[in-house]
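# Breakdown of the fold
Chain by chain, the residues run as shown.
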Amino acid sequence: MPLFGRDDDNSLDYWDELAQGIANVLTHLRGTWYNPQHKEEYRWERQRLEKYVTPFKYGFGATVFLFFNFRLTGNPRFQAWRNQLVSRWKQTPPTAKPRLDPKHQQPPTSKNHQPLGYLEAKREQEVRDALNSMRLITDVLVSVSVGVSGTLWLLHAHQGTMRQDLEEAPLVPGKSVVAEQICTP
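Everything numeric here is computed off the predicted structure, so don't read it as measured data. (Residues numbered from 1 in each chain as written. Predicted model: local features only at pLDDT ≥ 70, side-chain atom pairs only at ≥ 80, totals over all residues. Heavy atoms only, no water.)

### A look at the pattern of salt bridges
Inspection of the entire model under this criterion finds 8 salt bridges. With its nearest N and O atoms 2.7 Å apart, the salt bridge here joins D139 to R71. Taken together, the positions of D139 in helix 5 (residues 118-156) and R71 in helix 3 (residues 53-73) put the pair 68 residues apart, joining distant regions of the chain. Given a relative accessible area of 11%, D139 falls into the buried group. According to the relative accessible area criterion, R71 is partly exposed, its value standing at 30%. Among the salt bridges present, the one from E124 reaches R128, with a minimum N-O distance of 3.9 Å. Pair noted here: E124 and R128 are both in helix 5, with a separation of 4 residues, about one helical turn. Beyond isolated ion pairs, a larger network of salt bridges with shared partners links R48, K51, D165 and E168. (Salt bridge = Lys/Arg side-chain N within 4 Å of Asp/Glu carboxyl O. Helix = DSSP H or I, 4+ residues; strand = E, 2+ residues; numbered from the N terminus. Buried < 20%, exposed > 50% of the residue type's maximum accessible area, 1.4 Å probe, protein only.)

Pasting the structure below:
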């Protein structure tokens, strides 16, 4: 079955090379478009394509913001800090929990308040660790999906002109990052 109109086995190589080329373009923008030494050489390309870089910035920003937001709000230390801050704001004295010396801590107990044995305590710790790792994976996936969706939604406004501008970018007067990174011989 052809992938996007290509019938040969090299279609995945094509998309892999294209993705690598776009990544190279985005990483070289700072040194070309925004570098004072090369700013004039890449002026025409920058004027034509800069409107397409902003959605990527917003998408990346949304991804990072959501990921750290998810990680912080799930962190018990952050929750304790937030509760302490809220209690200060409400001017109510915080309730002090007695701290136990690690030597005198009570062993973990089950739901019916019976002391757990070594294997039960170890199993509960493994379950907590597994749930924490699943939360990390979920946080990453949700953050990335929101960032990518936001980027695509913002790029949708430029859908009609984006393809034409990207196709003609290597042909603009002066230097072109697209020509240097994607259209290499």
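Text resumes after the structure shown.
### A short note on the packing of aromatic side chains
The full count for this structure, using the stated rule, is 1 aromatic pair. Here F67 and F68 contribute two aromatic rings whose centre-to-centre distance is 5.6 Å and whose plane-to-plane angle is 70 degrees, an arrangement assigned as edge-to-face. Lying over the aromatic face of W44, R43 brings its terminal NZ or CZ to 4.4 Å of the ring centre. (Phe/Tyr/Trp six-rings, centres within 6.5 Å; stacked < 30°, edge-to-face > 60°. Lys NZ or Arg CZ within 6 Å of the ring centre and 35° of its normal.)

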